[in-house]
Amino acid sequence: MVDRQTVDIYAAKAADYILLDPTETQVRALASFLSALPAHSRILDLGCGPGSHGAVMVAQGHQVTGLDATPDFVKAARLQGLDARQGDFDDVTEEASYDGVWASFSLLHAPRADFPRHLASIHRALIPGGMLFLGMKLGVGEARDVLGRFYSYYSEKELRDLLAQARFTGIQAITGQAKGLAGTDDPYILMTAYA
């Protein structure tokens, strides 16, 4: 289920978001993700935003499908060369279609009650042995940030347990802290796992 307030905030701030440079951590995480995939992989950029990560994937010869709930982001992602469409996490209905799923700070906008269902859909959408990248904020419960965007927060243990319950294996994680669009320094986790 899409949180309309969150989508509206992204739409209103789309121009600002498009100008945000990726952090060194994000650049390294994307490079690591892509180096683990075969050449010419099929990748789902889930919550693709304006397509800045997807553009790097396309430039390296991958076939990228972008999915985002914000219309302005979908338009921007298409300009970056992504086959992007408007939709939400429930629109991941493919089976064994992707070598990789890149979910960089997108699923944190899904309600906690829906999160296991979304992980199961991603697992189904990946080919056997396909790779998930998951970026999330660490914390407890559900809340809105200072901009009004909806977030679900988890501990590392919760995320590891949820990924395992969705039948992901080879789970790896690194943690850190960074400033986002809201201007606050937040703890985060970057995880990889295999279908």
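Each remark here, short or long, concerns the structure printed above.
What you see is a predicted model, and the numbers here were worked out from it, not measured in a lab.

Draft legend 1. Spotlight on the sheet that holds strand 5 (residues 126-137). Reading across the sheet, the 7 strands line up as 3-2-1-4-5-9-8 and stay open at both edges, with mixed pairing between neighbours. Strands with a single pairing partner mark the edges of an open sheet, and in this sheet they are strand 3 (83-86) and strand 8 (169-179). Going across the sheet, the axis of each strand differs from the next one's by a mean of 15°, ignoring polarity. Sheet topology places strand 1 (residues 42-46) next to strand 2 (residues 63-68); 5 bridges connect them, and they run parallel. In the strand pairing of strand 2, Ile43 is matched with Val64. Contacts between helix 6 (residues 115-125) and the sheet are confined to strand 1, strand 4 (98-104) and strand 5, with strand 5 contributing the most and set at about 145° to the helix.

Draft legend 2. Molecular detail of the pattern of salt bridges. A complete count under the given rule lists 10 salt bridges for this structure. Two residues, Asp90 and Arg117, come together in a salt bridge whose shortest N-O distance is 2.9 Å. Placement of Asp90 in the loop between strand 3 and strand 4 and of Arg117 in helix 6 is noted, with a sequence separation of 27 residues between them. Residue classification places Arg117 among the partly exposed residues on the basis of a relative accessible area of 39%. Between Glu158 and Arg112 there is a salt bridge whose closest N-O contact spans 2.8 Å. Here the residue Glu158 occupies a position in helix 7 (residues 156-165), and Arg112 occupies one in the loop between strand 4 and helix 6, the gap between them amounting to 46 residues. Residue class for Arg112 comes out partly exposed when judged on its relative accessible area of 28%. Each of Asp90, Asp114 and Arg117 takes part in one network of salt bridges that share partners.

Draft legend 3. Looking closely at the packing of aromatic side chains. Considering all chains together, one arrives at 7 aromatic pairs under this definition. Judged by centre distance (5.8 Å) and plane angle (55°), the ring pair of Tyr10 and Phe73 falls under tilted. Of this pair, Tyr10 sits in helix 1 (residues 4-12) while Phe73 sits in helix 5 (residues 71-79), placing them 63 residues apart in sequence. Among the residues examined, Phe73 registers a relative accessible area of 2% and is labelled buried. Here the aromatic cluster, defined as three or more aromatic residues joined through ring pairs, consists of Phe33, Trp102 and Phe133.

Draft legend 4. Focus on unusual backbone geometry. Here the phi dihedral of His40 falls at roughly 60°; this positive angle occurs in a residue that is not glycine. Checked against the element boundaries, His40 lands in the loop between helix 3 (24-35) and strand 1.

Thresholds applied
- Residues numbered from 1 in each chain as written.
- Predicted model: local features only at pLDDT ≥ 70, side-chain atom pairs only at ≥ 80, totals over all residues.
- Heavy atoms only, no water.
- Pairing = 2+ DSSP bridges.
- Helix = DSSP H or I, 4+ residues; strand = E, 2+ residues; numbered from the N terminus.
- Axes fitted to C-alpha atoms, helices over the stretch in contact; angles between N-to-C directions.
- Contact = heavy atoms within 4.5 Å.
- Salt bridge = Lys/Arg side-chain N within 4 Å of Asp/Glu carboxyl O.
- Buried < 20%, exposed > 50% of the residue type's maximum accessible area, 1.4 Å probe, protein only.
- Phe/Tyr/Trp six-rings, centres within 6.5 Å; stacked < 30°, edge-to-face > 60°.

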